[in-house]
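Listed below, chain by chain, are the residues.
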Amino acid sequence: MQRIQNIVLATLSDNSDDYGIIEDGVVIIDGESIYWSGPAVEAPATPAATVIDGQGMCLTPALIDCHTHLVWAGSRADEFAQRLHGKSYAEIAEQGGGIASTVQATRAADFDELLRLASKRASALMQQGVGTIEVKSGYGLDLQNERKQLQVARALGEQLPINIKTTLLAAHALPPEYKNNADGYIELIINEILPTLAAEGLIDAVDAFCERIGFSLEQTERVFKAAKAHELPIKLHAEQITNQNGAALAARYHALSADHLEQLDENGVKAMAENGTVAVLLPGAFYFLRDDTVPPIKLLRQYGVPIALATDANPGSSPIHNLPLMLQMGATLFRLTPEECLRGVTVNAAKALGIEKEYGQIKAGMKAHLALWDIQNPAELTYQFGVNPLKTLWLNGVAHDREDTL
């Protein structure tokens, strides 16, 4: 057993809208799980436990990055420079750039190279207190390469002491082989890619990009039906550029989350509220693309839709591997409160992945995924950036000191 004491405990309880603060708290770990948590005056005796003195620092759940595209090869830095020199995205795409360039590079890279690249990105997130990462495919766009991406994601969870959730995003863009034949590619997804990879145990959820430049509402629904036939939960890239009513569709299929949501309307918010679908906001992409339409925060609050935050780590629109920075951006760009920001990368992020029974809060029975920060007030995590206050990260009950092992 381990007994962490002399801490400011932020439980992120699901029964409140704040941090769930216990000023003089104790957490007792037994194996991989939390045995007990609460005020020191009520803590049970644990004479055989290893005692960790938190020195008045703040203990939170380990953070959860619930939307990433972490496995890819190549770089889009040259395209970023071209845009700053005045070229449009359409011009770059016509020259073979955009997502097509990432697909080409990812297909060309072997498993070991993709794992090396993804491991660096995942390690960077761990060093900032992240204990769970969702990893999407979507840069393979055929059976062989979608499989390769998801296998790399699974390998990350074996190579690193981190919880990885995999999402099939084959319906991300059209591969070159199916140019001008979106329906044909959807057929390939639902008849070959999804059932094969589901049978191989590589998929935890299924996602799609429902957008004017992605896939239509009807095509998206076909993917949803296939996912449900294989008893897989769904997620959706929705309402980022235009309002295609994708979030409402996803909610009707009881999606875990709808993500981006800058163009979301009240009907979509209502549908999400009625069906328990989490709103995953991605301020990194909003910032990088210099968007000027903020997601409907007031409506999400009004209808009680849980709000999560994530990096959207990807090479094209959010080349960011810093989840704490998303807290600061969530506050400054979207005007979220510090409490909403931290809940957005803990309890609500867990809901967006369907793992809220084990992760995202500090209470008995949950996995011992914990982060000890050299701060006394959890608002510091939203307030400042560029300084990493992480002291120790517990993953499945094993302590990793940032300075020594992460």
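Anything mentioned here points back to the structure above.
These lines cover the structure that appears in this document, whether it is placed above or below. All values derive from a computational prediction rather than experimental measurement. (Residues numbered from 1 in each chain as written. Predicted model: local features only at pLDDT ≥ 70, side-chain atom pairs only at ≥ 80, totals over all residues. Heavy atoms only, no water.)

**What to know about the nonpolar core**
Argument step 1. Judged by nonpolar contacts, the single largest core of 100 residues is most densely connected at Ile133, Ile193, Leu261 and Met272.
Argument step 2. Taken domain by domain, this core gets at least three of its residues from each of domain 1 (2–61 + 361–404) and domain 2 (63–353).
Argument step 3. Once residues within four sequence positions are removed from consideration, Leu261 is found in contact with Ala238, Glu239, Gln240, Ala247, Met272, Ala279, Val280, Leu281, Pro295 and Pro296.
Argument step 4. Counting residues in hydrophobic clusters, the runner-up holds 15 residues, among them Ile4, Val27, Ile29 and Ala368. (Core = buried A, V, L, I, M, F, W, Y, C linked by side-chain atoms within 4.5 Å. Buried < 20%, exposed > 50% of the residue type's maximum accessible area, 1.4 Å probe, protein only. Domains from an automatic or database assignment. Contact = heavy atoms within 4.5 Å.)

**Brief notes about the packing of aromatic side chains**
Argument step 1. For the structure on display, the rule yields five aromatic pairs.
Argument step 2. Seen in terms of ring centroids, Tyr178 and Tyr185 are 5.6 Å apart; in terms of plane orientation they differ by 50 degrees. Their pairing is tilted.
Argument step 3. Against the face of Trp72 rests Arg121, its NZ or CZ located 3.6 Å from the ring centre. (Phe/Tyr/Trp six-rings, centres within 6.5 Å; stacked < 30°, edge-to-face > 60°. Lys NZ or Arg CZ within 6 Å of the ring centre and 35° of its normal.)

**Digging into the sheet that holds strand β6 (residues 63–65)**
Argument step 1. Taken in spatial order, the eight strands line up as β6-β7-β8-β9-β10-β11-β12-β13 in an open sheet, and their pairing is parallel. Looking at the sheet topology across the chains shown, the edges are occupied by β6 and β13 (307–309). Strand-to-strand twist of the sheet, defined as the mean angle between neighbouring strand axes without regard to direction, takes the value 25 degrees.
Argument step 2. Bridging between strand β9 (residues 205–210) and strand β10 (residues 235–238) involves two bridges; their strand directions are parallel. Residue pairing across strands places Cys210 opposite Ala238, the latter belonging to β10.
Argument step 3. Packing against the sheet, helix α5 (residues 143–159) makes contact with β7 (130–136) and β8 (163–171), and its axis sits at approximately 170 degrees to β8. (Pairing = 2+ DSSP bridges. Helix = DSSP H or I, 4+ residues; strand = E, 2+ residues; numbered from the N terminus. Axes fitted to C-alpha atoms, helices over the stretch in contact; angles between N-to-C directions.)

**Quick word on unusual backbone geometry**
Argument step 1. Although it is not a glycine, Glu231 adopts a positive phi angle of roughly 55 degrees.
Argument step 2. With respect to the helices and strands, the residue Glu231 is situated in the loop between α7 (217–229) and β10.
Argument step 3. Here the phi dihedral of Asn245 falls at roughly 65 degrees; this positive angle occurs in a residue that is not glycine.
Argument step 4. Considering the arrangement of structural elements, one finds Asn245 in the loop between β10 and α8 (246–252).
Argument step 5. By relative accessible area, which is 40% here, Asn245 ends up partly exposed.

**Structural notes on the packing of helix α6 (residues 182–199) against α7**
Argument step 1. Closest axis-to-axis distance for the α6/α7 pair is 10 Å, and the angle between their directions is 5 degrees. In terms of their interaxial angle, α6 and α7 are classed as roughly parallel. Here α6 contributes Ala182, Asp183, Ile186, Glu187, Ile190 and Leu194 to the contact with α7, which in turn contributes Glu218, Gln219, Arg222, Val223, Ala226 and Ala227. (Parallel < 35°, antiparallel > 145°, perpendicular 65-115°, else oblique.)

**Focus: the side chain of Thr166**
Argument step 1. Among the secondary structure elements, Thr166 is positioned in strand β8.
Argument step 2. Assessed through its relative accessible area of 0%, Thr166 is described here as buried.
Argument step 3. If we skip the residues at most four places from it in the chain, Thr166 touches Val135, Leu150, Ala153, Arg154, Leu202, Ile203, Asp204 and Ala205.

**Here we look at α7**
Argument step 1. Here α7 is 13 residues long and its end C-alpha atoms lie 18 Å apart, about the 18 Å a rise of 1.5 Å per residue gives.
Argument step 2. Taken together, the buried positions of α7 are occupied by Gln219, Thr220, Arg222, Val223, Phe224, Ala226 and Ala227.
Argument step 3. Looking at the buried side of α7, the elements it contacts are β8, α6, β9, β10 and α8.
Argument step 4. A positive phi of about 55 degrees marks Glu231, the residue just after α7. (Expected span 1.5 Å × (residues − 1).)

**Description of α5**
Argument step 1. An ideal rise of 1.5 Å per residue puts 24 Å on 17 residues; α5 measures up with 24 Å between its terminal C-alpha atoms.
Argument step 2. Taken together, the buried positions of α5 are Leu143, Asn145, Glu146, Lys148, Gln149, Leu150, Val152, Ala153, Ala155 and Leu156.
Argument step 3. Those residues of α5 that are buried lie in contact with α3 (99–108), α4 (111–126), β7, β8 and α6.

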